[in-house]
Amino acid sequence: MNAIETSVLETTDAPISGIERFAIQPVPDYLKTVRWPDLFLLVSNFLINPSTIVIGGLAVASGLSFWSTVVTSTLGILTAFSAYIIMATVGVDYGITGQVACRMVFGIQGAKWLPSIMRVIASTYWFAVQTIVAASVVVAIRHQLTGGSYSVVWTGIVLASAQVVLALVGYDWLKQLSRYGFPIKIGGIGYMFWLLAHVAEPSYRPSAVLHFQEHTGWHYGLCAVWLNSMVAAWLTMITDAADFCRYTRSRGDMWWGTMLAGLLATAFSVSLGAYAGCASLGRESNPFSLAATIDPHWFTLGLILLVITLDETTINVMNLYTGGLSLTNFIERPGRFWNTLAVGVVSVALSAFPSLLTRLLPFTTFLGNLFAPLAGVLLFHYLFVARMHIDLPALFDPDGIYRYFHGVNVVAIAWCVLGYGFYSVLPTGALPAVLTPVVTGLGYLLSMRLLPHQFRQSLG
Ligand SMILES: O=c1cc[nH]c(=O)[nH]1
């Protein structure tokens, strides 16, 4: 039995959490059997989520046309996924989680602080945003059913709490739900397209939707805002990219499954929001609420409720999963279950703040500020410093080569801070979420190459 297998057996926490067999330990090769169609379904299931759908509507409301919204948003996700799949290769090749892989770059202690905490922030934020979108749909449906007014905040808190409980005690059940729920989501969204296209008002006709705002629709500044925001939103997954591919059979399976999902699922989700935005002449960005208003029959309302619940649950289980795993990387002792619960409690509390959705752009800018430099350092280190080679036992050895300076790669951290500043001064038109990883990564690489070896060992 080698060191990795020993560490797997010694620290596996399966019986307590029931979340997954291998917490932060490498998955052995014989368990890597997942093919690209499964990964395609998994990633598509994440991408077809409430916030991606509503972003389509928000982009139209801000002045983009249907086509510019779809193209810009899809390009944004494909850009973020180009970085994502490089770090996901770590999961395929080595079977480790992204957070553990970060130790190779930031040092065993450094990875506990920077990427772990950052992903906990991103997970709790996204959990809350998804919940707020779903809560506003539930409120709209209840209004249609009873005529009363209900609180988005309280509805959000109830929804969020139910999801935390489900994610903690029903992981196996949820896995089945996300697999069998996927066709329901696709069918339900297809039905909503059909519903919107058959409203007897001229603005709802497909031809009107496709030509809405066609004159202002390709304004560069606006396209840049939404493209940048999409890149920033999904770069937050880079520290966890490896997690979803630890059971994948080959790099090819991962690349195809992930990128195809990025293209098709994003275009599909964003189109629904954009359709609602255009049809309502920019007044309603949430297609679920719009559909509930235009066809308040029990069948439509029931289907919308089912789709939004499935949509929100799938993505928020992922947010809790990554948040819990990141916290476990930061403090291992409480275990996956308690860490996930802690992330869940904070996420529920944040779900009481609808301004997290109304101020989506400033918040995604902030996340971009954090994650874009980190992505650059991670990518350039993995590709050009480590040349895609990881010393697995050293990831778990406090005195191994990833010790750096007292467990921290100071050069990597310094470049993340510099990159944060660089992102902050760039105008949105310069696409900071795209430019910052390149500049920060190059700066880091140069430092690692030019600093004398002795100095690098002591600092980084
Ligand atoms: O829910 C979401 C949305 C975008 N990115 C995430 O990590 N989670």
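Computed from a predicted model, the values in this text were never measured in an experiment. Note that residues are indexed from 1 along each chain, following the sequence as it is written. In keeping with the predicted nature of the model, local features appear solely for residues at pLDDT of at least 70, side-chain atom pairs appear and are counted solely at 80 or more, and the whole-chain, interface and lining totals rest on all residues. Side-chain numbers come from the whole structure's heavy atoms, not from hydrogens or water.

## Thoughts on the site of the ligand
As a matter of local geometry, the ligand sits amid Arg119, Trp126, Gln130, Ala233, Trp234, Thr236, Met237, Ile315 and Asn319. Here a polar contact is taken to be a pair of N or O atoms separated by no more than 3.5 Å, where protein atoms must pair a possible hydrogen donor with a possible acceptor and residues adjacent in sequence count only if both atoms sit in side chains. Trp126 places a side-chain nitrogen or oxygen 3.5 Å from a nitrogen atom of the ligand. Contact distances for the ligand include 3.4 Å between a nitrogen atom and a backbone N or O atom of Ala233. Each accessible area is a Shrake-Rupley result for a 1.4 Å probe, and residues are judged covered by the shown protein chains and nothing else. When the ligand is considered free in solution it has 230 Å² of accessible area, and contact with the protein chains removes 100% of it. When each cavity is represented as a set of grid points, the ligand is found to reside in the largest cavity. Under the scheme used here, helices are H or I runs from DSSP no shorter than 4 residues and strands are E runs no shorter than 2 residues, and both carry numbers assigned from the N terminus. At the level of secondary structure, the elements contributing two or more residues to the shell around the ligand comprise helix H7 (108-146), helix H11 (220-235) and helix H14 (298-330). At 3 residues, H7 tops the list of elements feeding residues into the shell around the ligand. By convention in this text, a residue qualifies as near a molecule or strand provided that one of its non-hydrogen atoms is within 4 Å of it. Put simply, the grid is 1 Å and covers the protein atoms alone, a cavity is a trapped set of points that fit a 1.4 Å probe, a pocket is an open set with protein on both sides within 12 Å along at least five of seven lines, and lining residues have an atom within 4 Å of a point. Each molecule is assigned to a cavity or pocket provided more than half of its atoms lie within 2 Å of the corresponding grid points.

## A word on the side chain of Asn286
Structurally, Asn286 is set in the loop between helix H12 (251-279) and helix H13 (287-294). Judged by relative accessible area, which is 6%, Asn286 ranks as buried. Here Phe288 takes part through its backbone nitrogen, which lies 3.0 Å from a polar atom of the side chain of Asn286. In what follows, residue pairs with any heavy atoms lying within 4.5 Å of each other are defined as contacts. Excluding its chain neighbours within four sequence positions, the residues that come into contact with Asn286 are Val54, Val133, Ser136 and Val137. Note on exposure labels: buried denotes an accessible area under 20% of the residue type's maximum, exposed denotes more than 50%, and partly exposed covers the range between, all computed with a 1.4 Å probe on protein chains only.

## Let's talk about a nonpolar patch on the surface
On the surface, Trp67, Val71, Leu210 and Trp218 cluster together into a nonpolar patch covering about 400 Å² of accessible area. Assignment of secondary structure puts Leu210 in helix H10 (residues 206-211). With a relative accessible area of 31%, Leu210 lands in the partly exposed category. Nonpolar side chains (Val, Leu, Ile, Met, Phe, Trp, Tyr) are joined into patches within 5 Å and like charges within 9 Å, using only residues with over 30% relative accessible area and no salt bridge. Here a salt bridge means any side-chain nitrogen of Lys or Arg lying within 4 Å of a carboxyl oxygen belonging to Asp or Glu.

## So, unusual backbone geometry
Here Arg387, not a glycine, exhibits a phi torsion of approximately 50°, which is positive. Among the structural elements, Arg387 can be located in the loop between helix H17 (360-385) and helix H18 (392-395). We classify Arg387 as exposed; its relative accessible area is 60%. With a phi angle near 50°, His406 is a residue other than glycine that sits in the positive phi range. Relative to the assigned elements, His406 resides in the loop between H18 and helix H19 (410-425). Look at His406 and you get exposed, because its relative accessible area is 56%.

## Let's talk about the nonpolar core
Grouped together as the largest cluster of nonpolar side chains are 129 residues, with contacts concentrated most on Ile96, Phe106, Trp234, Ile238, Phe371 and Ile390. A total of 15 residues in this core trace back to one element, the largest contributor, which is H7. In this structure, Ala167, Leu320, Val343 and Val348 belong to the second largest nonpolar core, which totals 12 residues. Grouping buried Ala, Val, Leu, Ile, Met, Phe, Trp, Tyr and Cys residues that are joined through side-chain atoms within 4.5 Å yields what is termed a nonpolar core.

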